[in-house]
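# Per-entry structural report
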Amino acid sequence: MPSPDDKSDADLARAAQAGSREAFGELTLRHYPAVHAFLISLLANRTDAEDLTQDTFLRALTKLRHFDPGQPFRPWIFTLARRLAITRWRRHKPTSTLDDSIPHPHAPTPQSAHDAAALWTLAREHLKPNEFAALWLFYREDLPVKDIARVLKKSEANAKVILHRARTTLRQHLSPESWLPSHRTATAIQPTS
């Protein structure tokens, strides 16, 4: 008999719909870190993100009967998380800022981690919630545009437009000097003789 690690998300979802707690537990283990990181990025508050991550999986458990195992599980769970985050935003505007580290499966260098955190903070400050969510899902979670469209409840073409607008907005708020290493900034600014 295959272990839960060998089963696809669809197989685990079907088993969970049939009442298997072990199957739902495996789905939770697989997707908890990504959902948690997504919510941290949206809320900029680790405590709220932890609470909402737990709420997301509780909601998933109660709504699992509505999940179509023929569709990918990951966009569905991100959709639940995003909806809960929107509800939280409407009730309480985020008050604290994200610290410098954003959890990610690949450990970046300290400088690149600082740059990434600064870029995500800039994105959070200047983008609309849909634009920020689309960028996060595309660049941090590696979701294809088709799945981002599902999460945002938009058409695939509209999701592409949202990503384009987000990139354009960020580009307008980035100065080349702020992203060049300090030793390159001086040479980039000095005129050549």
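In case you missed it, the structure is sitting above this.
Everything numeric here is computed off the predicted structure, so don't read it as measured data.

Summing up its helical and strand segments, the chain has ten helices and zero strands in all. For the chain, the α and β elements follow one another from N to C terminus as α-α-α-α-α-α-α-α-α-α. When the 193 residues of the chain are sorted by exposure, 40% land in the buried category. A separation of at least 24 residues holds for 61% of the contacts in the chain among residues at least 6 apart in sequence. Accessible surface for the chain amounts to roughly 11,400 Å². Of this, 54% is attributable to carbon and sulfur atoms.

Approximately 170 Å³ is the volume found for the second largest pocket. The element contributing the most residues to the lining of the second largest pocket is helix α4 (residues 73-91), with five residues. Residues belonging to the lining of the second largest pocket are distributed by class as follows: five nonpolar, two polar and four charged.

With that settled, the discussion passes to the pattern of salt bridges. Applying the stated criterion across every chain, the model contains six salt bridges. In this structure, Arg150 engages Asp147 in a salt bridge whose closest nitrogen and oxygen atoms are separated by 2.8 Å. With a gap of three residues between them, Arg150 and Asp147 both fall in helix α7 (residues 145-152), about one helical turn apart. Classification of Asp147 as buried rests on a relative accessible area of 8%. What emerges from the salt-bridge pattern is a single network uniting Asp9, Glu26 and Arg30.

Further remarks concern helix α2 (residues 21-43). The largest bend in α2 amounts to roughly 45° and is located at His31, with the proline Pro33 lying one to four residues further along. Of the residues trailing α2, Ala44 is marked for its positive phi of about 60°.

The next thing to look at is the environment of Ala37. Considering the arrangement of structural elements, one finds Ala37 in helix α2. Given a relative accessible area of 5%, Ala37 falls into the buried group.

This brings us to unusual backbone geometry. Of note, the phi angle at Asp142 is positive, near 55°, even though the residue is not glycine. You can see Asp142 is positioned in the loop between α6 (129-140) and α7. Unlike most non-glycine residues, Lys153 shows phi in positive territory, near 60°. Position of Lys153 among the secondary structure elements: in the loop between α7 and α8 (156-173). On the basis of relative accessible area, Lys153 is assigned to the exposed category, the value being 56%.

Let's shift gears to helix α3 (residues 46-63). Given a rise of 1.5 Å per residue, 18 residues ought to cover 26 Å, and the 25 Å separating the end C-alpha atoms of α3 matches this to within 8%. For α3, the complete set of buried residues consists of Ala49, Leu52, Thr53, Thr56, Phe57 and Ala60. Projected down its long axis, α3 shows its buried positions confined to an angular sector of 140°, all on one face. For α3, exposure combined with an orientation more than 90 degrees from the buried face picks out Thr47 and Leu58.

Here is what the cut-offs are and how they apply
- Residues numbered from 1 in each chain as written.
- Predicted model: local features only at pLDDT ≥ 70, side-chain atom pairs only at ≥ 80, totals over all residues.
- Heavy atoms only, no water.
- Helix = DSSP H or I, 4+ residues; strand = E, 2+ residues; numbered from the N terminus.
- Buried < 20%, exposed > 50% of the residue type's maximum accessible area, 1.4 Å probe, protein only.
- Contact = heavy atoms within 4.5 Å.
- Areas by Shrake-Rupley, 256 points an atom, 1.4 Å probe, with all protein chains shown as cover.
- 1 Å grid on protein atoms, 1.4 Å probe; cavity = no way out; pocket = protein on both sides within 12 Å on 5 of 7 lines; lining within 4 Å.
- Points joined across faces, edges and corners; volume = space filled by probe spheres on them.
- Nonpolar A, V, L, I, M, F, W, Y, C, P; charged D, E, K, R; others polar.
- Salt bridge = Lys/Arg side-chain N within 4 Å of Asp/Glu carboxyl O.
- Bend = angle between axes of the 7 residues up to and from the residue.
- Expected span 1.5 Å × (residues − 1).
- Arc of directions from axis to C-beta.

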